[in-house]
Amino acid sequence: MKLLVGIDVSSEKLDSCFLDSEDQTLLEESLPNTIAGASQIKAHILKFNEFVHYDRIIVGMEATSVYSFHPSTFLAEDQDLKALKVEVVVMNPKAIHRFKGLFDEDKTDQIDAYRIADFLRFDRFNVSLLKEEQYMALQRLTRSRYQLICQLTEMKQHFLENLYYKCNTLTKEVDTSVFGSTMMDLLTDSMSLDEIAAMPLENLAAFLQEKGRGRFSDPDKLAKSISKAIKGSYRLGKMMQNSVDIVLASYAMMIRTLKKEIQALDKAIQNLITTIPESKSLLSIPGIGPVYAAGILAELGQIERFEDEAKIAKYAGLYWKRKQSGNFESERTVMTKTGNHYLRYYLVEAAGSVMRNEPVYREYYLKKYHEVPKHQHKRALVLTARKLVRMVDVLLRNHQLYAPERSV
């Protein structure tokens, strides 16, 4: 006999339903999402178990943003519940939503709690999203970094849009990044384009060399290309020019700030990842540094949560659904993206870095790149990430360090 506890979590409430494996509802109760409410759920579990001595007790809830973290952690780490081997499962809301869609019924918190408990009866739920504290702490850093990277990308896009108004040929003529500190200082400085264009090339080259602290290999060539770009660009009216300059200066400041904050997160990630022994396995892979290793580990948690590498790939959304009917088997399948997008991001980014550092992965990438005429890079990189999943699974599961593969 099983005891199944479904909890519908919100910011303020824990709507719970206690169900046995014979679909008999034992208790339905709405409690506050506080330690007192979670303690009451614990008390009910202990009380029901006194009379029946269940073979298995499962507590399930959806992963509802930050709201499910505290009750799931409290119930999973409670020593009395651990003594009963209570399983605490945090599930993908999409799986519960699809299950609820099978029934023609109202939508209420109490019904949702019942359906979560009902779903647990079938024992078909995937890997729990609940992980140990060290992984959760690392996850806060890596997910925040991902969000800052997205913001930085957006800021750069807006900067380039406004830069086109000011100097529409610059990115075409200049082969250095416009987001370097020297270039951004030049583009947001008080000097106008005409003043920069009027500068002698040797003075502009000296200015670039001074601002860039000698980092430019050929400042004369760079000065010449900047001057050419400015002379070939349209000129703005004074009002438009003032507006664009203000916007560029604003985005430049935000880009600098975001870069600084990302660096701070990178440092915190490097300090924390050393406390996780499994990181040594991933760090042994050429091209994977502390940030990519941390991003992968933070989302995977304990590797034992997954049966095999196929489950990891599916969890990350790096798998392709088979399409078959009768004698027909589709050769074209679309990659699903319903998995953990944070894990997919770090796996794909890591694959790109590994591909540049490991010959076998480079060969595999190029092979997949030349198989199709469209979307070559994206397709090849995603398939390389799928190949990387297999290596990550083997290294973490066997606690091994990376050994280069032999090229076939």
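In the block above lies the structure referred to throughout.
The model shown is predicted, which means the values in this text are computed figures rather than measured ones.

Quick look at the environment of V5 now. Within the element layout of this structure, V5 appears in strand β1 (residues 2-9). On the basis of relative accessible area, V5 is assigned to the buried category, the value being 0%. Distance in space between the C-alpha atoms of V5 and L19 is 6.2 Å, their sequence separation being 14 residues. V5 has contacts with C17, F18, I41, I45, I58, V59, G60, A117 and L120, leaving out every residue within four places of it along the chain.

Let us now look at the packing of helix α6 (residues 133-166) against helix α12 (residues 238-273). At a closest axis distance of 9 Å, the pairing of α6 and α12 adopts a crossing angle of 160°. By the criterion of interaxial angle, the relationship of α6 to α12 is roughly antiparallel. The element α6 and its partner α12 pack so that their crossing is left-handed. Partitioned by chemical class, the residues of the contact of α6 with α12 number 25 nonpolar, 5 polar and 7 charged.

So, about the nonpolar core. Grouped together as the largest cluster of nonpolar side chains are 84 residues, with contacts concentrated most on F159, L170, L208, I226, I296 and L300. Contacts of L170, omitting those with residues within four sequence positions, involve L163, V178, M183, L187 and A229. With 19 residues, the next largest nonpolar core counts I45, F48, Y54 and L75 among its residues.

With that settled, consider α12. Helix length check: α12 (36 residues) gives 52 Å between terminal C-alpha atoms against 52 Å at 1.5 Å per residue, within 8%. Structurally, α12 contributes buried residues whose contacts are with α6, α8 (181-188), α13 (279-283) and α14 (290-300).

Moving on to a nonpolar patch on the surface. Nonpolar side chains collect at one region of the surface, where M1, F51 and V52 lie side by side and expose about 300 Å² of accessible area between them. Secondary-structure assignment places F51 in helix α1 (residues 35-52).

Turning our attention to the sheet that holds β1. Strand order in the open sheet formed by 5 strands is β3-β2-β1-β4-β5, with mixed pairing between adjacent strands. Across the chains shown, the open sheet's two edge strands, defined by having one partner strand only, are β3 (25-32) and β5 (87-91). In this sheet, adjacent strand axes meet at a mean angle of 20° when their direction is disregarded. In terms of strand pairing, β1 meets strand β4 (residues 56-62) through 6 bridges, oriented parallel. Looking at the pairing, V5 lines up with V59 of β4.

Take the pattern of salt bridges next. With the rule as written, the count across this model stands at 21 salt bridges. The partner of E105 in a salt bridge is R115, with the nearest N and O atoms 2.8 Å apart. Placement of the pair is E105 in the loop between α4 (93-100) and α5 (109-121) and R115 in helix α5, with a sequence separation of 10 residues. Accessibility expressed as a relative area gives 31% for E105, which makes it partly exposed. Assessed through its relative accessible area of 9%, R115 is described here as buried. Salt bridges sharing partners connect three or more residues here, namely E62, K100, K107 and D112.

Attention shifts here to the packing of aromatic side chains. In this structure the tally under the stated criterion is 10 aromatic pairs. Ring centres of F18 and F48 lie 5.5 Å apart, and the angle between their planes is 50°; on these two criteria the pair is classed as tilted. Of this pair, F18 sits in strand β2 (residues 13-20) while F48 is found in helix α1, placing the two residues 30 residues apart along the sequence. The same class applies to F18 and to F48, which are both buried. Ring geometry for F99 versus F103: centroids 5.3 Å apart, planes at 75°, classification edge-to-face. On the basis of relative accessibility, which here comes to 28%, the residue F103 falls in the partly exposed class. Above the ring of F103, the side-chain terminus of R115 is found at 3.5 Å from the ring centroid.

Bringing the pairing of β1 into the picture now. Of all 8 residues in β1, 7 are buried, a share of seventy percent or more. Bridging between β1 and β2 involves 7 bridges; their strand directions are antiparallel. When the sheet's bridge partners are listed, I7 is paired in β2 with S16. Hairpin connection from β1 to β2: 3 residues lie between these consecutive antiparallel strands.

Parameters at a glance
Residues numbered from 1 in each chain as written. Predicted model: local features only at pLDDT ≥ 70, side-chain atom pairs only at ≥ 80, totals over all residues. Heavy atoms only, no water. Helix = DSSP H or I, 4+ residues; strand = E, 2+ residues; numbered from the N terminus. Buried < 20%, exposed > 50% of the residue type's maximum accessible area, 1.4 Å probe, protein only. Contact = heavy atoms within 4.5 Å. Axes fitted to C-alpha atoms, helices over the stretch in contact; angles between N-to-C directions. Parallel < 35°, antiparallel > 145°, perpendicular 65-115°, else oblique. Left-handed = near helix turned anticlockwise from the far one by under 90°. Nonpolar A, V, L, I, M, F, W, Y, C, P; charged D, E, K, R; others polar. Core = buried A, V, L, I, M, F, W, Y, C linked by side-chain atoms within 4.5 Å. Expected span 1.5 Å × (residues − 1). Patch = residues over 30% accessible without salt bridge, like charges linked within 9 Å, V, L, I, M, F, W, Y side chains within 5 Å. Areas by Shrake-Rupley, 256 points an atom, 1.4 Å probe, with all protein chains shown as cover. Salt bridge = Lys/Arg side-chain N within 4 Å of Asp/Glu carboxyl O. Pairing = 2+ DSSP bridges. Phe/Tyr/Trp six-rings, centres within 6.5 Å; stacked < 30°, edge-to-face > 60°. Lys NZ or Arg CZ within 6 Å of the ring centre and 35° of its normal.

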